[in-house]
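# Architecture at a glance
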Amino acid sequence: MQRRNFLVGTGALGAGALGVGAAVTPAVASPRGRRVRTGLDELVSSGFAELAGQRVGVVSNPTGVDAAYRHLVDLMHGSGRVQLVAAFGPEHGFRGSAQAGGSEGTGVDARTGIPVYDAYGASLARWEAMFTEAGVDTVVFDIQDVGVRFYTYIWTMYTSMVAAARVGRRYVVLDRPNPIGGRAYGPLMTTPYTSGVGLKEIIQQHGMTVGELARFFNATFLPAEAGRPVDLHVVRCRHWKRDDLAADTGVPWVMPSPNMPTPDTALVYPGTGLFEGVASITEGRGTCRPFELIGGLATDFDHHWGDRLNARNLPGVEFREAYFSPTSAGQKPALLNKLCAGVEVKVVDPAAYDPIRTGVAMLVEARKYPAFAWRQDTWDTVRPYWIDKLTGSPRLRTQIDAGADVDDVVGAWADELATFNRQRRPYLLY
């Protein structure tokens, strides 16, 4: 296997210097007077009992840290209690140095000396080959998700679960809080529109932790795709409540990806992430407020967008007229470093705020500008519109194009959301 050295470690000190049993204090105090303990915190407290006698491969990125920001891999390596044999890096890489749609490649981790496999976009056959080559008995998943179907880490988990089932490996999920809470919203993915930003038929804002999703996947999809469920173990969080947001938990926040810098970003992302499907509007990549700053070329868009949105009195949110120049264009090079006009999304009441309804309202009002254009991908002539892959079907796009207002668009998914809520209920842990 071709390898390169990774020169950056995630921990300020190695696990051996701190010691696995060292006392840790919350990095952030919870305003609710309690700190949620993640699955990693629980695993470390148990002396890694769940992994005793196993050859372990870890699927993680920089978010896999405990309350003192010590990384899972560094803790395992320094513990003397875990036989750590490999790590597998998702989108953005194991150490998090790659931008959207990128990875770090396959190499050797400089801190621990273990092989790190590039797993971003890996096929089932590739996952099976990696698990076999690394000689793992147990796969451990520990990544902070942000609660949205088109955020790719849950599909890294799903695909690696299927592969683990096929080659007879155990699968352990170290659970973490869903930073945007435990309620589900939005449209359902439909089978013809599955892709890397939505491999299976779940709701857009799924309202589940990764541990709950793993249980749902294992019962709902793996029997057909893998021929059997995987031997799944979820190390649960302690003290998390379904109405908790990230700020309520006291769990340290590490950027899950370069354009997900804060929990505020995660809160708006289920709705403003839809603007990845609009060619003429940037979602603020490369600014200090990605997915909170939304706008198009200042020659095409103006202050009326924000005025019309504020006139709607959407619950829990206000809109500030904003001008900015994105320094990262993603799939929209025409907007790179250009002056853009639009809005900053200001969440003023997180409990009342509905990010997807807000995103739909933003799309409805933006569609009134002549310069508005949906993003089309030439590589997919059958399903060219990226918004259809994000929302799960052409329905939202065609409704908005036909002049539907927000209530009509949102009301269209009421039945499928109710069905999904019934389907997921047996797999909820909190």
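Read on for an overview of the structure. (Residues numbered from 1 in each chain as written. Predicted model: local features only at pLDDT ≥ 70, side-chain atom pairs only at ≥ 80, totals over all residues. Heavy atoms only, no water.)

## Digging into the layout of surface pockets
Counted as a void, the second largest pocket has a volume near 410 Å³. Along the walls of the second largest pocket sit 25 residues, with Ala246, Ala247, Pro263, Asp264 and Leu267 positioned nearest its centre. Taken together, the residues of the lining of the second largest pocket break down into 16 nonpolar, three polar and six charged. Counting the residues that make up the lining of the second largest pocket, at least three belong to each of domain 1 (39-248) and domain 2 (263-375). (1 Å grid on protein atoms, 1.4 Å probe; cavity = no way out; pocket = protein on both sides within 12 Å on 5 of 7 lines; lining within 4 Å. Points joined across faces, edges and corners; volume = space filled by probe spheres on them. Nonpolar A, V, L, I, M, F, W, Y, C, P; charged D, E, K, R; others polar. Domains from an automatic or database assignment.)

## What to know about the pattern of salt bridges
For the coordinates displayed, the defined rule picks out 28 salt bridges. A salt bridge links Arg375 to Asp377, with the nearest nitrogen and oxygen atoms 3.1 Å apart. Each member of the pair Arg375 and Asp377 is classed as buried. Because the salt bridges share partners, they merge into one network encompassing Arg308, Arg312, Glu365, Lys368 and Asp405. (Salt bridge = Lys/Arg side-chain N within 4 Å of Asp/Glu carboxyl O. Buried < 20%, exposed > 50% of the residue type's maximum accessible area, 1.4 Å probe, protein only.)

## Things to note about helix H3 (residues 72-79)
Buried residues dominate H3, accounting for six of its eight residues. Taken as a whole, H3 has its buried residues at Leu72, Val73, Asp74, Leu75, Met76 and Ser79. The positive-phi residue at the C-terminal boundary of H3 is Gly80, with phi of around 75 degrees. (Helix = DSSP H or I, 4+ residues; strand = E, 2+ residues; numbered from the N terminus.)

## A closer look at the nonpolar core
Within the largest apolar cluster, 92 residues are counted, with the highest numbers of intra-cluster contacts made by Phe88, Met157, Tyr171 and Phe217. Sorting elements by how many residues they give to this core places helix H5 (residues 153-166) first, with 10 residues. The residues touching Phe88, leaving out its near neighbours within four places in the chain, are Gly57, Val58, Val59, Ser60, Tyr117, Ala119, Trp127, Met130, Phe131, Ala134 and Val136. (Core = buried A, V, L, I, M, F, W, Y, C linked by side-chain atoms within 4.5 Å. Contact = heavy atoms within 4.5 Å.)

## A few points about the sheet that holds strand S12 (residues 293-297)
Ordered in space as S11-S12-S14-S13, the four strands form an open sheet in which the pairing is antiparallel. With one partner strand each, in any of the chains shown, strand S11 (281-282) and strand S13 (317-324) form the two edges of the open sheet. Pairing of S12 with strand S14 (residues 340-347) involves five bridges; the strand directions are antiparallel. Bridge assignment links Ile294 to a residue of S14, and that residue is Val343. (Pairing = 2+ DSSP bridges.)

## With respect to helix H6 (residues 210-220)
By the criterion of burial, H6 is predominantly enclosed, with eight of the 11 residues buried. Within the span of H6, buried status applies to Val210, Gly211, Glu212, Leu213, Ala214, Phe216, Phe217 and Asn218. Residues of H6 that are buried in the fold lie against strand S6 (138-142), H5, strand S7 (170-174), helix H7 (222-226), strand S10 (231-235) and helix H15 (414-424).

## Notes on the pairing of strand S5 (residues 115-118)
Two strands pair when backbone bridges link them, and strand S3 (residues 83-89) and S5 are joined in this way by three bridges, in the parallel orientation. What sits directly across from Ala87, in S5, is Val116. Adjacent in sequence and paired antiparallel, strand S4 (residues 107-109) and S5 are bridged by five residues, among which Gly113 carries a positive phi angle near 80 degrees.

## What to know about the packing of H5 against H6
It is at 11 Å that the axes of H5 and H6 come closest, and there the two elements cross at 40 degrees. With respect to H6, the axis of H5 lies oblique. Between H5 and H6 the crossing geometry is right-handed. Of the residues in H6, those touching H5 at Ile154, Trp155, Met157, Tyr158 and Met161 are Val210, Leu213, Ala214, Phe217 and Asn218. In terms of residue class, the contact of H5 with H6 is made up of nine nonpolar, one polar and no charged. (Axes fitted to C-alpha atoms, helices over the stretch in contact; angles between N-to-C directions. Parallel < 35°, antiparallel > 145°, perpendicular 65-115°, else oblique. Left-handed = near helix turned anticlockwise from the far one by under 90°.)

## Looking at unusual backbone geometry
Within the chain, Phe48 stands out as a residue other than glycine whose phi angle is a positive 60 degrees. Positionally, Phe48 belongs in the loop between helix H2 (39-45) and strand S2 (55-60). In this structure, Tyr69 takes a positive phi of about 65 degrees despite not being glycine. With respect to the element layout, Tyr69 can be found in the loop between S2 and H3. With a relative accessible area of 34%, Tyr69 lands in the partly exposed category.

## Observations regarding the side chain of Glu212
Looking at the element boundaries, Glu212 is found in helix H6. For Glu212, a relative accessible area of 0% gives the class buried. Among the polar contacts made by the side chain of Glu212, one reaches the main-chain amide nitrogen of Thr209 at a distance of 3.0 Å. Of note is the side chain of Glu212, whose polar atom sits 2.7 Å from the side chain of Arg242. Beyond its immediate chain neighbours, meaning those up to four positions away, Glu212 contacts Asp175, Gly207, Arg242, Tyr427, Leu428, Leu429 and Tyr430. (Polar contact = N/O pair within 3.5 Å; in protein donor to acceptor, adjacent residues only side chain to side chain.)

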